[in-house]
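Observations on the model geometry
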Amino acid sequence: MAINRDYLGRAYELPEPYEVTRVKIREFADAISDPNPLYRDPAHAKEAGYTDVIAPPTFPIILSMEGAGQAIADPELALDFSRVVHGDQRFRYSRPLQAGDVVTCRTTITDIKSLAGNEMLTLESEIATTAGEHVVTSVTMLVVRGDAPSGT
Amino acid sequence: MTTVRYADVEVGTELPERTFRVRRSDLVRYAGASGDFNPIHWSDRVARNVGLPGVIAHGMFTMAQAGRVITDWVGDPGAVVEYGVRFSAPVVVPDDDEGAELVVGGTVTKKLDDNQVVVTITARSAGAKVLARSTAVVRLP
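Chain B appears in an unreviewed UniProt entry as MaoC-like domain-containing protein from Thermobifida fusca TM51.

Going by what UniProt lists, chain A is known as UPF0336 protein Tfu_2666 and is assigned to Thermobifida fusca.

Encoded structure:
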């Protein structure tokens, strides 16, 4: 089913600011088996010029997926979740997220198009501190797979 | 701690290739840490029902592993200015002790101003190219 084009530009905000913590960063670093000390040792991170441990480059997906989840769950958008797959993903960083950051995430639908029977939905999430400092932009393209042609 | 310097890098410089193993237990752990509990990453039944050969890795797990080639090379993950991938084929993870193998490589494909370089990343699993058009922009000292 085609995604309603009227929703281009629609935006979703996190219900409340997200606090980046040392514990969550360590949990995420453990989950990707990455021993980098900048994710784990505050003293090491401070020596490298950071205020606290930094988060791995793909950590912001936790926030942007939250926004994408809101879009997918939006009844007016009429997405079939069981057909949604991640097509591509890009991050643009002003700096890494650090423990102690309190950030907001605003996810906007920036593109909707059809290609080869699939619908492609592009979402752009702006992650910034509550003071308004840009940290990272996450661009997520989701593919909503079309119905398989009959007989295949 | 960063050992790679802009002046020492040329177009064509290769980053050390890395091989990662991806097991079911890794996917369970990643699901918990990331909050992505899509059952295609832990249930063969659900994965097959939607036409997949079996449980597949989270694309973002593959992206995280592939990023290691960059961050281990530069030392400081904060040097990454931009990182993007296209998920071109799934990493199918069998329910056994070996799991799947993911082989990741990187090559410097462009030197930019401002001490930045573009690295093009390749990732293969079971003979399939699992990432395409994958690049990172990294700032070097």
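The next subject is the environment of I56(B). All names here are of chain B. By the element assignment, I56 lies in the loop between helix 2 (44-49) and helix 3 (59-74). Given a relative accessible area of 10%, I56 falls into the buried group. As a C-alpha pair, I56 and I40 span 16 residues in sequence and 6.4 Å in three-dimensional space.

What follows deals with helix 3 of chain B. Residue and element names in this part refer to chain B. For helix 3, built from 16 residues, the straight-helix expectation of 22 Å at 1.5 Å per residue is met to within 8% by its first-to-last C-alpha distance of 23 Å. The axis of helix 3 is deflected most strongly, by about 30 degrees, at R68. In terms of residue burial, helix 3 counts as a mostly covered element, since 14 of its 16 residues are buried.

Listed as interface residues are 30 residues of chain B and, on the opposing side, 32 residues of chain A. Around 2,600 Å² of area is buried between chain B and chain A when both sides are counted, 55% of it from carbon and sulfur atoms. Our count for the chain B to chain A interface comes out at three salt bridges. For D88(A), the salt bridge goes to R86(B), with nearest N and O atoms at 2.7 Å. For the pair chain B and chain A, the interface holds twelve residue pairs in polar contact (both at pLDDT 80 or more). Elements supplying a minimum of two residues to the side of chain B that touches chain A: helix 1 (24-34), helix 3, strand 2 (80-87) and strand 5 (128-139) of chain B. Per element, the largest residue contribution to the side of chain B that touches chain A is eight residues, and it comes from strand 2 of chain B. Tallied by class, the residues present in the side of chain B that touches chain A amount to 14 nonpolar, nine polar and seven charged. Inspection of the sheet shows strand 3 (residues 84-93) of chain A paired to strand 2 of chain B by five bridges, in the antiparallel sense.

Moving on, we get to the packing of aromatic side chains. Residues and elements named next belong to chain A. The final tally for this structure, using the stated rule, is four aromatic pairs over all chains. Taken together, a centroid distance of 5.3 Å and an interplanar angle of 75 degrees make the contact between F28 and F59 edge-to-face. Of this pair, F28 sits in helix 1 (residues 22-31) while F59 sits in the loop between helix 2 (42-47) and helix 3 (61-73), and the two are 31 residues apart along the sequence. For F28, a relative accessible area of 0% gives the class buried. Note on F59: relative accessible area 0%, which makes it buried.

The rules behind these values
- Residues numbered from 1 in each chain as written.
- Chains lettered and ligands numbered in written order.
- Predicted model: local features only at pLDDT ≥ 70, side-chain atom pairs only at ≥ 80, totals over all residues.
- Heavy atoms only, no water.
- Helix = DSSP H or I, 4+ residues; strand = E, 2+ residues; numbered from the N terminus.
- Buried < 20%, exposed > 50% of the residue type's maximum accessible area, 1.4 Å probe, protein only.
- Expected span 1.5 Å × (residues − 1).
- Bend = angle between axes of the 7 residues up to and from the residue.
- Contact = heavy atoms within 4.5 Å.
- Buried area = accessible area lost by both parts, 1.4 Å probe.
- Salt bridge = Lys/Arg side-chain N within 4 Å of Asp/Glu carboxyl O.
- Polar contact = N/O pair within 3.5 Å; in protein donor to acceptor, adjacent residues only side chain to side chain.
- Nonpolar A, V, L, I, M, F, W, Y, C, P; charged D, E, K, R; others polar.
- Pairing = 2+ DSSP bridges.
- Phe/Tyr/Trp six-rings, centres within 6.5 Å; stacked < 30°, edge-to-face > 60°.

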